[in-house]
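Descriptive structure summary
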Amino acid sequence: MLDIDLHFGDGTTNILKPKDYVTVHNVAANRREEYLDEVRDEMENCHADIIGISAGFDNHEDDWGGTLFTGDYREIGRMVLHAARRHGGGCFGILEGGYNHQVLGRNVMALIEGLSGE
Ligand SMILES: [Zn+2]
């Protein structure tokens, strides 16, 4: 599970962390380049056959976190897709945060485009 929401995923961690067949990674970086590097490193070293994204969009430049651009969500989707394909698996996202409704839709769409290889 890759958690890209601004806030630490307490519930997700509480439920999934004790399960030895699940890895939960909460992205901690709060500067754009470091954030994307952290996701890239995590996905390059990921051996999961199914990758879920806690898809919170509150790290967007026009939301609380002020860190990521819309295109970054597409890139994150691509990284997840490539990691899942490398192991013959799949990927999915679950919508979480995102509080600026002026940009939420296009950010969600960007992630979906990345996840679908567009
Ligand atoms: Zn959040």
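None of the values given here were measured: they were computed from a predicted structure.

So, on to the overall build of the protein. Looking only at helices and strands, one finds four helices and four strands in the protein. Secondary structure elements in the protein, listed N-terminal to C-terminal, are β-α-β-α-β-α-β-α. For the protein, the C-alpha radius of gyration of 13 Å lies close to 13 Å, the compact-globule estimate for 118 residues. Seen through its principal axes, the protein has C-alpha atoms that stretch 35 × 30 × 25 Å. Classification of the 118 residues of the protein by burial places 36% in the buried group.

Within a sheet, each strand pairs with its neighbour through backbone hydrogen bonds, oriented either parallel or antiparallel. The sheet built from four strands is open, its strands ordered 2-1-3-4 with parallel pairing. Sheet topology places strand 2 (25–26) and strand 4 (90–95) at the edges, where each strand pairs with a single neighbour. One ladder, built from two bridges, connects strand 1 (residues 2–3) with strand 3 (residues 50–55); its direction is parallel. Bridged to D3 within strand 3 is S54.

Turning next to the nonpolar core. I51, I76, V80 and A83 are the most contacted members of the largest nonpolar core, which has 23 residues in total. Elements represented by at least two residues in this core include exactly helix 2 (32–44), strand 3, helix 3 (70–86) and helix 4 (101–115). Residues in contact with V80, not counting those within four places in the same chain, are L2, M43, I51, I53, C91 and L115.

Next up on the list: helix 3. Its 17 residues give helix 3 an end-to-end C-alpha distance of 25 Å, which sits within 8% of 24 Å, the value for a rise of 1.5 Å per residue. Among the residues of helix 3, D72, Y73, I76, G77, M79, V80, A83 and A84 are the ones counted as buried. With its buried residues spanning 160° around the axis, helix 3 presents them on a single face. Turned more than 90 degrees away from the buried face of helix 3 sit G71 and R85, all of them exposed. Contacts from the buried residues of helix 3 go to strand 1, helix 2, strand 3, strand 4 and helix 4. A positive backbone phi angle near 65° is found at G88, which sits one or two residues after helix 3.

What counts, and where the lines are drawn
- Residues numbered from 1 in each chain as written.
- Predicted model: local features only at pLDDT ≥ 70, side-chain atom pairs only at ≥ 80, totals over all residues.
- Helix = DSSP H or I, 4+ residues; strand = E, 2+ residues; numbered from the N terminus.
- Rg over C-alpha atoms; globule rule 2.2 N^0.38 Å.
- Buried ≥ 20, exposed ≤ 12 C-beta atoms within 10 Å, placed from the backbone.
- Pairing = 2+ DSSP bridges.
- Core = buried A, V, L, I, M, F, W, Y, C linked by C-beta atoms within 7 Å.
- Contact = placed C-beta atoms within 7 Å.
- Expected span 1.5 Å × (residues − 1).
- Arc of directions from axis to C-beta.

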